[in-house]
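Commentary on secondary and tertiary structure
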Amino acid sequence: MKERDDSLFPAPVYADTVLAINFRDAQQRFLDSLIEIQYAHTLMLARQRIISEEVARDCIRALNALDRAALVTAPYDGKTEDLFFHVEDALERLCGKSTAGSMHTARSRNDLAITQYRMCLRSGILDIVRALNAARRALTGLANAHISTLMPAYTHTQPAQPITLAHYLVAVVELMGRDECRLRAAYATVNRSPMGACAISTTGFPIDREFTASLLGFDGLQLNSYGAIAATDYLTETAAALSTAMLNLGRVTQDFLLWCTAEFGYLRLSNAWVQISSIMPQKRNPVPFEHVRVLASKALAQAQGIFTCLHNTPFGDINDAEDDLQPLVFGATTDAVRALELCAGVMGGCEVNTIRMAERAAADFLTVTELADTLVRREGVNFREAHQLVSASVKELRGNDSTQAMVETVEALAPLHFGRVLKSSRAELLEALDPWHFVAIRRAPGGPAPEAIRAALDLAAADLAESERWMEEKSAALAAYPERIKEACGRLVTE
C-alpha cells in the first residue's frame, strides 16, 4: 500500500482525525440537503439571468444524474477536502468543469453549510415535537382514566396531601405542552434561510434570496448576512429548549421508577416491558424507565455540549460551529426522540395500583390541612390558631393516624388552645379527614377536584390538537418543497 505524502494536503493525521470523520457524517446526514440546495441555487441563478438557461439545464441534468448511492458510500480518499468538493468533482465529470463551476456563482460553502445544518435541524425539531405529542397523548389518556384515583402528593420527598393521579399527570402534560412551545419557538428561529449571505457579506450579483428560501421550504430569511454566518442562536435556542424538555422528562421518569418499586407499588409494567434477572427468578425489572432516564440525560448532555463548544468563540465564521459540532446536534435530537417515544410506550402499557395509592392517600395524617381549614370555617379562629391545635394533636398521637383518634385528640386539646370546647360536630371533623372530601372540595382552577381536572384536560386536549395542526402544517411544508424543486427543474429542462 502506497504511503501518503506528509507534505501534501491533507496531512494524514488531519485526514484521519477530522476530515474523514466529518465526511462520513456529511454523507449520512447532509447529502440530500446539499443536493437540494444545488438545485435551488441553480434555478435561482437562471431565473435572475446570472447564468444562462442552457448552462442551468446542463447543471440540472448533471444533478439528476448523480449516483447518490455511490456518493453516500464512497470512502474518504483525501482527494477532496469534504463532501461538497466530492460532489462538485462528480458534477464536473458529468457536465464539465466550466458548467459545474457556474453553480458556485454567488454562494459560498459558508452559507451552503449553515443552510444544510438548519434543514437537518428543523426536521429534528419536528421529530421531537411529534414524539412529545405522543407522550402527551399517552399521559392524557391515562389521566382521563384516573380522574378519581386518589394518591398522595409529595413535598420534599415526603407524603404531603391527597391529590389524584390525574392531577399529577395533568401537571406533566402541561409541562410537556410548555416544552412544545419552546421547541416551536426554536423551529421559527431555525427555519430561516442563510442562502445568499455567501461568505459573510452577500454578493454583487442580483440574487433573489427569497426565491431560494421558498424553494427550500424556509419560512423566510436570516436577513443580515453577517449574522446569517456568524450567529449560532439557532443552535443554542434549540439546545436550550431540548435541554429543558429532557430535564423535565428525567424528573418525571424518576418518579415513575420510584412508583414501580415494591415499597411504593403504584405502577406495574406488563410482561412486554419488564426484564428478568439472569440469577434471580423473581425479578421484574422496569428497565425501560431506566433507558428513558439515561437517554434523556444523554440528550441533555449533548445539548449542553453545544453550549460548551460555542462558549467564548468569535462572532464570525468559525469551524467550532460547524462540522465537528453537528454530531452533538443530531445526537441530541435523536436521543430525545428515543426517550420520549419510549416513555409514551411504557406509560401506555402500565397498570395502576389504585388500591395502594388510595391507602397511602389516607395515611400519615395527609388530610389534616383540611381539618385546620374546617376549624377556621366552623370555629371562627384564624388559620395559625387552627394549625397549632392540629399540629399539637398530630404530635400527641405519635404516628397513630386513625381519623377517629385524631378527632378525639383535637376535641380534647381544643380548650387548651381555644379556651373552649369545639362547636363542630364529630361528623363534620371526620368528614374533613376523608381524603376524597379533601380532593373534591379543591375546585379552584388547577386543583385536583374532578371538575377542575376535566376542565384542565379539555384545555390540554385543545392545546394538543393545536400542536398537531401546527405539526401537520410544517410537515406538509417540508414534504412539499422537494416537489416544487422537481417541478421547477422539469420546466427548465423541457423548455
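So, a few notes on the structure that sits alongside this text. Just so we're clear, the structure is a prediction, and the values are computed from it rather than from any experiment. (Residues numbered from 1 in each chain as written. Predicted model: local features only at pLDDT ≥ 70, side-chain atom pairs only at ≥ 80, totals over all residues. Heavy atoms only, no water.)

1. Let's talk about the state of the cysteines
Note: disulfide means a covalent bond formed between the sulfur atoms of two cysteine side chains. Counted under the stated rule, the structure contains zero disulfides. Cysteine Cys 198 remains unbridged, with the sulfur of Cys 59 as its closest cysteine sulfur at 17 Å. (Disulfide = S-S within 2.5 Å.)

2. Some details on the pairing of strand E1 (residues 150-155)
Across six bridges, E1 lies against strand E2 (residues 158-164) in antiparallel orientation. Residue pairing for E2: Leu 150 is matched across the bridge by Thr 164. (Pairing = 2+ DSSP bridges. Helix = DSSP H or I, 4+ residues; strand = E, 2+ residues; numbered from the N terminus.)

3. A few points about the packing of aromatic side chains
Between two aromatic rings, the relevant description is the distance of the centres plus the angle of the planes. Per the stated rule, a full pass over the model turns up 14 aromatic pairs. Both rings, one in Phe 264 and one in Tyr 266, keep their centres 5.3 Å apart while their planes meet at 80°; by these two values the pair is edge-to-face. Taken together, the ring pairs in this structure connect Tyr 154, Tyr 168, Phe 256, Trp 259, Phe 264, Tyr 266 and Phe 289 into an aromatic cluster. Sitting over the face of the ring of Phe 438, Arg 442 holds its NZ or CZ atom 3.6 Å from the ring centroid. (Phe/Tyr/Trp six-rings, centres within 6.5 Å; stacked < 30°, edge-to-face > 60°. Lys NZ or Arg CZ within 6 Å of the ring centre and 35° of its normal.)

4. Remarks on unusual backbone geometry
That bond from Phe 9 to Pro 10 is cis: its omega, -5°, falls within 30 degrees of zero. Here Pro 10 is to be found in the segment before helix H1 (12-29). Even without glycine at this site, Phe 365 takes up a positive phi of about 60°. With respect to the secondary-structure elements, Phe 365 resides in the loop between helix H14 (354-361) and helix H15 (368-379). By relative accessible area, Phe 365 is classed as buried at 16%. (Buried < 20%, exposed > 50% of the residue type's maximum accessible area, 1.4 Å probe, protein only.)

5. Thoughts on the environment of Leu 165
With respect to the secondary-structure elements, Leu 165 resides in helix H8 (residues 165-190). It is 35 Å that separates the C-alpha atoms of Leu 165 and Leu 422, two residues lying 257 residues apart in sequence. When sequence neighbours within four positions are dropped, the list of residues in contact with Leu 165 reads His 146, Thr 149, Met 151, Trp 259, Val 352 and Met 357. (Contact = heavy atoms within 4.5 Å.)

6. As for the side chain of Ser 243
Residue placement: Ser 243 occurs in helix H11 (residues 233-259). Here Ser 243 falls in the buried class, since its relative accessible area comes to 5%.

7. Details of helix H7 (residues 109-145)
Compared with the 54 Å implied by 1.5 Å per residue over 37 residues, the 54 Å span of H7 between its first and last C-alpha is a close match. The element H7 is extensively covered by neighbouring structure, given that 27 of its 37 residues are classed as buried. Of the residues flanking the start of H7, the one acting as N-cap is Ser 108, its side-chain oxygen 2.9 Å from the backbone nitrogen of Asn 110. (Expected span 1.5 Å × (residues − 1). Polar contact = N/O pair within 3.5 Å; in protein donor to acceptor, adjacent residues only side chain to side chain.)

8. Comments concerning the packing of H7 against helix H13 (residues 326-348)
Running from N to C, H7 and H13 cross one another at 15°; their axes reach a closest spacing of 8 Å. The angle between H7 and H13 falls in the class roughly parallel. When the axes of H7 and H13 are compared, the crossing they make is left-handed. Mapping the contact onto sequence places Tyr 117, Leu 121, Gly 124, Asp 127, Ile 128, Ala 131, Leu 132, Ala 134, Ala 135, Ala 138, Leu 139 and Leu 142 in H7 and Gln 326, Val 329, Thr 333, Ala 336, Val 337, Leu 340, Glu 341, Ala 344 and Met 347 in H13. Among the residues making up the contact of H7 with H13, the classes are represented as 16 nonpolar, three polar and two charged. (Axes fitted to C-alpha atoms, helices over the stretch in contact; angles between N-to-C directions. Parallel < 35°, antiparallel > 145°, perpendicular 65-115°, else oblique. Left-handed = near helix turned anticlockwise from the far one by under 90°. Nonpolar A, V, L, I, M, F, W, Y, C, P; charged D, E, K, R; others polar.)

Shape descriptors only; they carry no functional weight alone.
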